[in-house]
Structures are given as C-alpha cells and as structure tokens.
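Residues per chain, in single letters:
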Amino acid sequence: MRNILNISRWRLSPFDLMVYVLWGVLLLSYWRGINNKIPFFKNYTDELEIAIVVVPIVLALPQIVKRIKPIDLIFCIGFALLYLLNYVFYPENHIALDDRLLRCLFTVVPFFIYGRMLDIDRYYKGFYRISAFTILLTVFYYFSYAQNVAVDVDTENYNMSASYNLLPHVLFVLWATFKKQSLENIGLSILGIFQIIAYGTRGPLVCALVFFTLYALIFSDMKYARLIKGLIVAMGIAVSMFFYEIAIFLQLQLQNFGMSTRIVDKIIEDELTDGSGREWIAEALYDILENGKNFCGYGLLGAERYVGTYPHKIYLEFMFSFGYVVGILLLFAVVLLIAKAFIKASQINKEFILLLVCGSVVKLCMSGTFLDDTIFFILLGYCAQMLMTKKSLLYNWRR
C-alpha cells in the first residue's frame, strides 16, 4: 500500500503531469463529490474540473510541440475533415453529429497523439499507482454511497458507464499482477473484478477475462507461467464440476455485501450468454445494408436515424458508416496496424498493446462507439509509434 501512495519521489515535468492527469481522469468524478461539499469552491466545480485537465496540457505545450510529428497532424486534421464532410454528404445525420462533434474532435481523437507520445516503460509505475488508487476509491464510494441508491434505468446506465470507465484500471492492475504476484497486486485485482461484478454489467467482465486468458497463454516466458496456466486449467475443471454450487455461493456472498447479483443470476438461470436485447439493432442494420446503400454506407452515426443508437459492434459500425467495401477495408487496416505493431514491439509494449486491445476493441465488439472511445485512439496512436521506430520507443526522454 505504501508504494501506491508514495509520490514524494516523483519528479514530474509538465508533460509527465499531463500524461498522468489524463490517465487518471476518472478520479475527477470523485473529486467533484468532495469539492461540492467545500464552501466557496463548490460554486466553481465545473470551472475547476476543466482547469485540472487544461492547465497541465497548456503547461506541456512546449514539450508537445517538440515531439509532435506530421502523422499526428495528418491523422487528427484528416479525421476532423472526415467528420465535417459527413455534414455535406449525410446532412440527415446532423443531429447525431452535433451531439458528438465537440467531444469527438476535441476530447477523443487527440488521444491518438497521446498514444503516439506515450512511453509505457517510463510511466508504468505511475499508471499503476493511479489505477490502484482509482480502484480503491471506486470500491469505497460504491460501498459508502452508490449501493444504497434505488436501482432504476438511470442507475443501470450509470453502472454500465462506470464499469467501462473502471475497466482500463482493472486491466492495468491485472497486468501488474501477472508481472509481480504480490499480495497487494492480487488483492487489488480481486477488488477490481468484484467491483465490475458489483456493477452488474457483463461486457467489462468479458474484457477482463479475455485479457487474463490471452496474457496467460501468449506470454509464456513470464514468471510462474506454468503455475498460472496450471491454475487456469485447474480452475476450469473445478468450475465445470461445481458450476452451479460456485454460482450460488457467489450469489449469497454478493448479497451479503449488498452487491449486484445480476451477472450471477444470469449464470444460475442459464441466461449469461443470452442477448442483451440489442440483437434487433444488428438485424435491422444488416437488413438496411442489404436493401439500401451497402456500397457507400450511411455516414458516421447514421445508425441513429434508423435505430436510435449506435450499432454496439465496431465491425457493424464501420460497415454501416462507410459501406461494405470501405468499411471492411478500414477494419482490415486497423487489424493490420495492431498486428504489425504487436509483432515489432518489445515485450512490455506487446503487453500494453494487448491491454489496450482488450480495453477498446473487445469492448467495442459488445458496446459503445469508437467515436467516444479514448482507449481506441490511444491504441491507434501507440501502434503507429511502434511502427515508426526501430527501438519501439519514439522519443528521447532526456531533458
């Protein structure tokens, strides 16, 4: 625990501060709750929140300008033009485009540059501390306040959003646990997984399980690899033999702690793999593609005109937005970028790419739109960085 909170030895440049603030932006939601109880300052919560994010970016601008490359400008300006051209070619999408214009272009797409400039070897320890603290604070908040709120549609939507926001931090602590099997790391990983279960959303749990499984299987040279693989096999056998007994035990324990049993309930009732009620969205969009403009698509966020929401599947979103041909080509380009970067990257960068894939691509196959997903754009930028350097580290960090 001392390692999590020890910041006295940190020597932060403005750029470092910006990197850490953006990784720990989820903590601002808890800071708001504290600040809203402080006289005088509670009147300026929104302004202070903006300042906490913007000031480090402004201070880091000289370093950002030195490190920025043509590809950063080409990507961000090109994506902005693509977005704005949708107003010209798909004017019927203007309502949905208006809703996401500022967020997408100013707070999501620039994370490509963040990924391009990110050196995970340098920031690993800081990210770990931030992720660990985020998990602890989330669990404390949930048991102190959130679990006592009456469950309704708004609460379920909040839980889903909160669970996906917490996901990158849980994945990071899981990663740290693979690298160092300490009691601290194992405890934090268990807390993070149980918090995701407490929110009652399946998607983030699937992402965490995919990351856990792929990491254990791919990186066979890690410490205690044989032991961990053996434990995975043993756990699989135990779960298959005592599936419902384990599920009922978990259900009772979760109820005792006042946590959501939604996921376990679905396991007991054989409904875990059932659809989430969104199957009709995919069916409707595929029907529209088959009978309409399947070559050029319906533009960014075009699905909202027909089904009132995004497709919840990144591959379908690409095909519906850009048409079958261009959509599949773009998907292939994304997969090729990730694959080539993964092959070329060093060990620690490979592991971080896997984390980003599970935190964005796997997630986007179940929920969300890539236009809102900062982790997806970090992934693209990080993979571009890997391909542009022989050493898989783009920048010289000596100051």
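See above for the structure.
Below, the discussion takes up helix H10 (residues 183-199). Here H10 spans 24 Å end to end across 17 residues, near enough to the 24 Å set by a 1.5 Å rise per residue. Restricting attention to buried positions, one finds in H10 the residues Asn 185, Leu 188, Ser 189, Gly 192, Gln 195, Ile 196, Ile 197, Ala 198 and Tyr 199. Within two residues after H10, Gly 200 carries a phi angle of roughly 80°, on the positive side.

Each pair of aromatic rings is reported with the distance of its centres and the angle of its planes. Inspection of every chain in the model, using the stated rule, returns 31 aromatic pairs. Pairing Tyr 124 with Phe 172 gives two aromatic rings, centres 5.4 Å apart and planes at 35°, and the pair type is tilted. Taken together, the residues span a long stretch of sequence, with Tyr 124 in helix H8 (residues 120-144) and Phe 172 in helix H9 (residues 153-179) at a distance of 48 residues. The buried category is assigned to Tyr 124, whose relative accessible area is 16%. Measuring from ring centre to ring centre gives 4.8 Å for Tyr 215 and Phe 219, while their planes differ by 50°; the resulting arrangement is tilted. Judged by relative accessible area, which is 4%, Phe 219 ranks as buried. Ring pairing ties together the aromatic residues Tyr 20, Trp 23, Tyr 123, Tyr 124, Phe 127, Phe 172, Trp 175, Phe 352 and Tyr 382, which thus form one cluster. A cation sits over an aromatic face here: Arg 67 above Phe 15, 4.5 Å from the ring centre.

Conventions and cut-offs
Residues numbered from 1 in each chain as written. Predicted model: local features only at pLDDT ≥ 70, side-chain atom pairs only at ≥ 80, totals over all residues. Heavy atoms only, no water. Helix = DSSP H or I, 4+ residues; strand = E, 2+ residues; numbered from the N terminus. Expected span 1.5 Å × (residues − 1). Buried < 20%, exposed > 50% of the residue type's maximum accessible area, 1.4 Å probe, protein only. Phe/Tyr/Trp six-rings, centres within 6.5 Å; stacked < 30°, edge-to-face > 60°. Lys NZ or Arg CZ within 6 Å of the ring centre and 35° of its normal.

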